[in-house]
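So the chains spell out like this:
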Amino acid sequence: MVCSRLFPEQIIVIDLYTAATPNGRKISIMLEEVGLDYAVHEISLGKQEQKRPAFLAMNPNGRIPVIVDRDNDEFVVFESGAILVYLAEKTGKLFPREEKARSRVMQWLMFQMGNLGPMMGQANVFFRYFPEKIPAAIDRYQHEGLRLLTVLDTQLAGRDYLCEQYSIADIANWCWAIGHQWSGIDISGLGNLQAWLDRLAKRPAVERGRNIPQSKSGNETRKAGEKIIIR
Ligand SMILES: N[C@@H](CCC(=O)N[C@@H](CS)C(=O)NCC(=O)O)C(=O)O
């Protein structure tokens, strides 16, 4: 591994295999929030590095993000929701212990994993990337995306976060909701959602984590909490 920056006092705990996408950013934000030092391994999706045998040995589904926990027998975790839960349990942060509060966070995490992510992802595919423009497909996914963002807006009425406190459910949903423009979805009128998007964007860990990986430059070592300068 090539490290662009090394900190002598730093003990890397987590290897993060990621790319500059919503699912990847969930994990860099989480690592910045919980303060674990980590090494970033940028996977080029364009070059299909996620389909190479060494990557498939970690995640048979061939998708980022993946983490390896050096502190736990090189334990591998794939699927961003499972990674968020793993890191929350490892550090005791952003996932309440009390049974009902924990279930509520899990419900909103699953809402993102099973609904918002897949629908916004398909909206991106058909609105942005698919060579043929198929209006029915674009409409279907944009409408479903907007419906789900409206569900978030309703949940956020009168509260700062999706559940009692800031949690992994906020991180997961924010990473997809913040990309509404990229999906071609207009959220004007969803004031609670917009306020929550802005509230989270101001968190220093979110500011740092959403910009990782920083460039197409390959691998780097991150001391969680280190200021990122975007050039
Ligand atoms: N459910 C998975 C989805 C992962 C996923 O779709 N990752 C995308 C980037 S956001 C990817 O690796 N795409 C490359 C590909 O489809 O080959 C998770 O949440 O981790």
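A short tour of the structure in this document, coming up. (Residues numbered from 1 in each chain as written. Predicted model: local features only at pLDDT ≥ 70, side-chain atom pairs only at ≥ 80, totals over all residues.)

## Quick word on unusual backbone geometry
Omega for the bond connecting Ile64 with Pro65 falls within 30 degrees of zero, at 5 degrees, which places this linkage in the cis form. One can find Pro65 in the loop between helix H2 (53-56) and strand E3 (66-69). Pro213 follows Ile212 through a cis peptide bond whose omega is 0 degrees. Assignment of secondary structure puts Pro213 in the loop between helix H8 (204-209) and strand E5 (219-222). Phi is positive for Asp73, which is not a glycine, with a value near 55 degrees. On the secondary structure map, Asp73 appears in the loop between E3 and strand E4 (75-78). Residue Asp73 is classed as exposed on the basis of its 8 C-beta neighbours within 10 Å. Even without a glycine there, the phi angle at Glu79 is positive, about 75 degrees. Examined against the element boundaries, Glu79 turns out to sit in the loop between E4 and helix H3 (80-91). (Helix = DSSP H or I, 4+ residues; strand = E, 2+ residues; numbered from the N terminus. Buried ≥ 20, exposed ≤ 12 C-beta atoms within 10 Å, placed from the backbone.)

Keep in mind these numbers describe shape, not what the thing actually does.
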